[in-house]
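If you want the building blocks of each chain, they are given just below.
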Amino acid sequence: MGVLKRYGAQLPISNKTPDVNLEEGSTPLVRLDRIGNDLGVELWAKLEGCNPSGSFKDRGMVLAVAKALEDGARALVCASTGNTSASAAAYAAHVGVPCYVLLPSGKVAMGKLAQALIYGAKVIAVDGNFDQALELAREAAERLDFAMVNSVNQYRLISQKTGAWEICESLGRAPDLHVIPVGNAGNISAYWAGYKDFRAWRKISGLPRMIGFQAEGAAPLATGRPFPNPETIATAIRIGNPVSGELAKNAVSESGGEFGTVSDDEILEAQVILAGKGGVFAEPASCATLAGLIKLKRANRLPDGAKVVIVLTGNGLKDPDTALSQVGKPVRIGSSIGELLEALSL
Ligand SMILES: *Cc1c(COP(=O)(O)O)cnc(C)c1O
């Protein structure tokens, strides 16, 4: 069941809203005991990489696109570090409207670029960073009357709240800690709003502490200073000037949470642990969550036995180059059983 069907009664849709559905949402919440035991917590991972275009962006895109169609938009436009464009392009193809995506040139993971192109979007590589591409997209949308489907689009954040609703339904309560990577800071804001909704509906009593991790080279919220030239291997959170920064600060302070930073090396180490001890392959930005938990554990700041949810925002297959740079090469042999047995005994 897609997000608009599962949560239609809680979302701003009417009988005039087209029924858009790629069966997004309802993603697995998986308990990772091997990793959780090492950290001394009950660890759960929300696998947002299982969405149809491979990231959580689909949760918000489905409503943004339905509303754009309802309003008679001629086309969709977005700026993207990759996953927004993949998602927008997928929904545009599904409903049959043109889609234009602006990408910071040379800084987009290969899988995401392949997605935007194969879904048939017009891809424009901007010689600049994400923040500059966003400004351009905004202006073009205004002049040409296209629907802008970046997270400045209010419907995206509203519909992304469904992630928190699903977690509460699965656990029967809110977690103690909600840990999430932060780029433009829309998702952390949406999850916080979603948890508060669920409490207001009296379906749960408590609320989680919201812990947002940024990469050291792109950490405006964690450090309180701007990053005009953000740099990190985690391209999905390579953002210097977060669109939803104020909402995110509010989520963190209201919940008694915090922002933290992790280095690229810590992110890559966490990616290998998630895959090798969890059986879950997530893209680098997503792995900032586990990297951050490991850092908190080392600083003796992770409460023993806490129920912790990490949001694994995107699928590892989106960025195979980064993963391959972390692991060994396959063992090569000829076609004899002798060589195989020798290789197996290594
Ligand atoms: C978009 C994205 C993020 C960042 O989410 P924000 O809402 O911009 O903070 C993190 N991880 C992945 C995989 C993403 O695609």
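Anything mentioned here points back to the structure above.
Below is a short write-up of the structure. (Residues numbered from 1 in each chain as written. Predicted model: local features only at pLDDT ≥ 70, side-chain atom pairs only at ≥ 80, totals over all residues. Heavy atoms only, no water.)

## A closer look at the overall build of the protein
Cut-off, in case you're wondering: For helices the rule is a DSSP run of H or I covering at least 4 residues; for strands it is a run of E covering at least 2, with both sets numbered from the N terminus onward. The globule rule used here is 2.2 Å times the number of residues to the 0.38 power, and the radius of gyration it is set against is calculated over C-alpha atoms. Burial classes: relative accessible area under 20% of the type maximum marks a residue as buried, over 50% as exposed, and values in between as partly exposed (1.4 Å probe, protein chains only). All accessible-area figures derive from a Shrake-Rupley calculation using a 1.4 Å probe, and residue coverage is judged against the displayed protein chains alone.
Counting secondary structure elements, the protein contains 15 helices and ten strands. Taking 20 Å as the expected radius of gyration for a compact globule of 346 residues, we find that the protein reaches 20 Å, a close match to that expectation. Taken over the C-alpha atoms alone, the protein extends approximately 65 × 50 × 40 Å along its principal axes. Per-residue burial over the protein gives 56% buried out of 346 residues. Counting every atom, the protein has about 14,700 Å² of accessible surface; 51% of that belongs to carbon and sulfur.

## What to know about the sheet that holds strand β1 (residues 29-31)
Here is the rule: Two strands form a pair only when DSSP identifies at least two bridges running between them. As a rule, the C-alpha atoms of each element are fitted with a line to give its axis, helices using only the stretch in contact, and angles between N-to-C directions run from 0 to 180 degrees.
If you trace the six strands from one edge of the open sheet to the other, you get β1-β2-β10-β7-β8-β9, paired in mixed fashion. Looking at strand neighbours, the two that pair on one side only are β1 and β9 (258-262), the edges of this open sheet. Between one strand axis and the next, the sheet turns by 25° as a mean value, whatever way the strands run. Where strand β2 (residues 42-47) lies against strand β10 (residues 307-312), six bridges are found, and the strand directions are parallel. When the sheet's bridge partners are listed, Lys 46 is paired in β10 with Val 311.

## Side note on the packing of helix α9 (residues 186-200) against helix α11 (residues 245-255)
Going by this rule: Should an angle fall under 35 degrees it is taken as roughly parallel, and over 145 as roughly antiparallel, whereas 65 to 115 is taken as roughly perpendicular and any remaining angle as oblique. By convention the crossing between two helices is left-handed if the near helix lies anticlockwise of the far one by an angle smaller than a right angle, and right-handed if it lies clockwise. We call two residues in contact when some of their heavy atoms are within 4.5 Å. Three categories are distinguished: nonpolar for Ala, Val, Leu, Ile, Met, Phe, Trp, Tyr, Cys and Pro, charged for Asp, Glu, Lys and Arg, and polar for the others, with Gly belonging to the last.
The contact between α9 and α11 brings their axes to 8 Å, and the two run at 45°. The angle between α9 and α11 falls in the class oblique. In terms of crossing hand, the pair formed by α9 and α11 is left-handed. On α11, the residues that touch Ile 188, Ser 189, Trp 192 and Lys 196 of α9 are Leu 247, Ala 248, Ala 251, Val 252, Glu 254 and Ser 255. Residue composition of the contact of α9 with α11, by class: six nonpolar, two polar and two charged.

## Quick look at the packing of aromatic side chains
Let me state the cut-off plainly: Classification of ring pairs uses Phe, Tyr and Trp, with its six-membered ring standing for Trp, and accepts pairs whose centres are within 6.5 Å; under 30 degrees between planes counts as stacked, over 60 as edge-to-face, and the remaining range as tilted.
In total, this model carries five aromatic pairs according to the counting rule given. With a centroid separation of 5.1 Å and 70° between ring planes, the pair formed by Tyr 7 and Trp 165 is classed as edge-to-face. Note that Tyr 7 is positioned in the loop between α1 (3-6) and β1 and Trp 165 in helix α8 (residues 162-171), a separation of 158 residues in sequence. According to the relative accessible area criterion, Trp 165 is buried, its value standing at 0%.

## Re a nonpolar patch on the surface
For the record, the criterion: Within this analysis, patches are made of residues with over 30% relative accessible area and no salt bridge. Like charges are joined at 9 Å or less; nonpolar side chains (Val, Leu, Ile, Met, Phe, Trp, Tyr) at 5 Å or less. One side-chain nitrogen of Lys or Arg within 4 Å of one carboxyl oxygen of Asp or Glu is enough to make a salt bridge.
On the surface, Val 331, Ile 333, Ile 337, Leu 340, Leu 341, Leu 344 and Leu 346 cluster together to form a nonpolar patch covering roughly 750 Å² of accessible area. Mapping Val 331 onto the fold places it in the loop between α14 (320-324) and α15 (337-344). You can call Val 331 exposed: its relative accessible area is 60%.

## Things to note about the nonpolar core
Where we set the bar: We call a set of buried Ala, Val, Leu, Ile, Met, Phe, Trp, Tyr and Cys residues a nonpolar core when their side-chain atoms join them within 4.5 Å. Delimitation of the domains relies on an automatic or database domain assignment.
Formed by 53 residues in total, the largest nonpolar core has its most connected members in Leu 76, Cys 99, Ile 188, Tyr 191 and Tyr 195. When residues of this core are assigned to their parent elements, the largest contribution, seven residues, is made by helix α3 (residues 57-70). Each of domain 1 (3-55 + 155-324) and domain 2 (57-153) gives at least three residues to this core. If we ignore the near neighbours within four places in the chain, the residues touching Leu 76 are Val 65, Ala 68, Ala 88, Ala 92, Val 97, Pro 98, Cys 99, Tyr 100, Ala 147 and Val 149. In terms of nonpolar packing, the next biggest core, distinct from the first, is built from 34 residues, Leu 39, Val 41, Ala 215 and Val 262 among them.

## Here's the deal with α11
How we decide: The reported arc concerns the directions from the helix axis to the C-beta atoms and nothing else.
What α11 keeps buried is the set Gly 245, Ala 248, Ala 251, Val 252 and Ser 255. Viewed end-on, α11 has its buried residues packed into an arc of 125°, placing them on one side of the element. Within α11, the exposed residues directed more than 90 degrees away from the buried face are Glu 246 and Ser 253. Contacts from the buried residues of α11 go to α9, β8 (209-215), α10 (220-223) and β9.

## Concerning the pattern of salt bridges
Taken as a whole and assessed by the stated rule, the structure comprises 21 salt bridges. Where Asp 33 meets Arg 31, a salt bridge forms, and the shortest distance between an N and an O atom there is 2.8 Å. The residue Glu 139 makes a salt bridge to Arg 143 at a minimum N-O spacing of 2.6 Å. In this pair, Glu 139 and Arg 143 both sit in helix α6 (residues 130-144), four residues apart, roughly one turn of the helix.

## Considering the site of the ligand
What counts is decided by this rule: When we say a residue is near a molecule or strand, we mean one of its heavy atoms is within 4 Å of it. Under this definition, polar contacts are N or O atom pairs within 3.5 Å; protein pairs additionally need one hydrogen-donor-capable and one acceptor-capable atom, and for neighbouring residues in sequence, both atoms have to be side-chain atoms.
Taken together, 16 residues lie near the ligand, and Lys 57, Asn 83, Asn 184, Ala 185 and Thr 313 sit nearest. Here Lys 57 contributes a side-chain N or O atom positioned 2.6 Å from an oxygen atom of the ligand. Here an oxygen atom of the ligand sits 3.2 Å away from a polar atom, N or O, in the main chain of Gly 186. When isolated, the ligand has an accessible area of 380 Å², and the protein chains bury 96% of it. The residue makeup of the shell around the ligand, split by class, is seven nonpolar, seven polar and two charged.

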